[in-house]
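Structure assessment
Residue strings, one per chain:
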Amino acid sequence: MKRVYGVEQIERSGAARVTIGTFDGVHLGHRTIIEYLVERARTLGGESVVVSFDPHPRDVLTQDPMPLLTTIEERARKLEAAGLDRFVVLPFTPAFAQMEADVFVREVLWERLGAQEVVIGYDHAFGNRRAGDAALLQRLGEELGFAVDVIPAQLLAEHVISSTEIRRRLHAGQVAQAAELLGSPYSLEGPVVHGDHRGRTIGFPTANIAVSHPKKLIPKRGVYAVWAYPAGETTRWPGMMNVGVRPTFDGEEVRLEVHLIGADLDLYDTVLRVEFVEHVRDERKFDTIEALVAQLAADQAHCTKRLHALSSDDMHAKHQGD
């Protein structure tokens, strides 16, 4: 997949089949659009192209920064896995935010990219004052000579699949429910850094993750069953993760600490990715270290049982598909 950053770096395609959007999360609703786009390019010819923005438009347009489900790098990896040909990222600046929708279509989608077809979600809006919509695209498509396809709302368990709904679930600690809308577990990654090494002294050594992006969404404080993917390792490890301030030790800073079950790896200065599988319990303060250790042992047993069951289900599904 080709990656392009900035309007000036775009090379015109002979037949670009394009969609526009932030695509934060690349959730099941997004994937419906991407899969349709990729199939159109493969069937009719030309490149499948996603035009996205960085930073998130809300960071520029409001005083309320948007927590990210996926960084640009994570988004790129998911789009590449979906078969996309080209990922174009445009810097979203205050000046860019003032660009009129019809100018964006003419100068970026048509002149720069050479769009032959534009695929858009049913409720997507773009351009200054969000004036660009399906009706505008269809009018300009007739004038300039490109087709427009509108994808309807995708429903899952009576919920519209949206990044907003996924963020709400993650903020509530509902990581399993968020995964249903994402189509895969929510994940984050970052280098493993030194902590205070307290976990090792009580029998539960942890890897402390410094999240790779300052705006990456951190789920609700608590203990989670996770899968851990250490860089350079060929396998995933079951783990339990604490997101919180460690109130038993009077901590104040939120930390992300992962205990790899059944492993004792030297992970310092390597990158660790974790997938959130299940919220086990909320964070709470214990009266004694002994009470904390007893609870951690129970948490580990729960996580081990849950992840083993999921691993067994995965193997069964694999054999069923063979």
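So, here is what we can say about the structure in this document. (Residues numbered from 1 in each chain as written. Predicted model: local features only at pLDDT ≥ 70, side-chain atom pairs only at ≥ 80, totals over all residues. Heavy atoms only, no water.)

Before going further, it helps to examine the overall build of the protein. From N to C terminus, the protein includes 10 helices and 14 strands. Based on the C-alpha atoms only, the size of the protein along its principal axes is roughly 75 × 50 × 40 Å. In the protein, which comprises 322 residues, the share counted as buried stands at 47%. In the protein, the proportion of contacts linking residues at least 24 apart, taken out of those at least 6 apart, comes to 74%. A distance of 1 Å separates the average location of the 36 positive side-chain charges in the protein from that of its 46 negative side-chain charges. (Helix = DSSP H or I, 4+ residues; strand = E, 2+ residues; numbered from the N terminus. Buried < 20%, exposed > 50% of the residue type's maximum accessible area, 1.4 Å probe, protein only. Contact = heavy atoms within 4.5 Å. Lys, Arg positive; Asp, Glu negative; His and termini not counted. Charge placed at Lys NZ, Arg CZ, Asp CG, Glu CD.)

Here the largest pocket defines a volume of roughly 1100 Å³. Lining the largest pocket are 43 residues, with Gly21, Thr22, His124, Ala125 and Arg130 sitting closest to its centre. Contributions of two or more residues to the lining of the largest pocket are made by β2 (16-20), α1 (28-44), α2 (57-61), α4 (94-97), β5 (115-121) and α7 (163-171). Partitioned by chemical class, the residues of the lining of the largest pocket number 21 nonpolar, 16 polar and six charged. (1 Å grid on protein atoms, 1.4 Å probe; cavity = no way out; pocket = protein on both sides within 12 Å on 5 of 7 lines; lining within 4 Å. Points joined across faces, edges and corners; volume = space filled by probe spheres on them. Nonpolar A, V, L, I, M, F, W, Y, C, P; charged D, E, K, R; others polar.)

This brings us to helix α6 (residues 134-144). Of all the residues in α6, the buried ones are Ala134, Leu136, Leu137, Leu140, Gly141 and Leu144. Burial along α6 is one-sided: seen end-on, the buried residues are contained in an arc of 155°. For α6, the secondary structure elements touched by its buried residues are α5 (101-112), β5 and β6 (147-151). Residue Asp133 occupies the N-cap position of α6, its side-chain oxygen lying 3.2 Å from the main-chain nitrogen of Ala135. (Arc of directions from axis to C-beta. Polar contact = N/O pair within 3.5 Å; in protein donor to acceptor, adjacent residues only side chain to side chain.)

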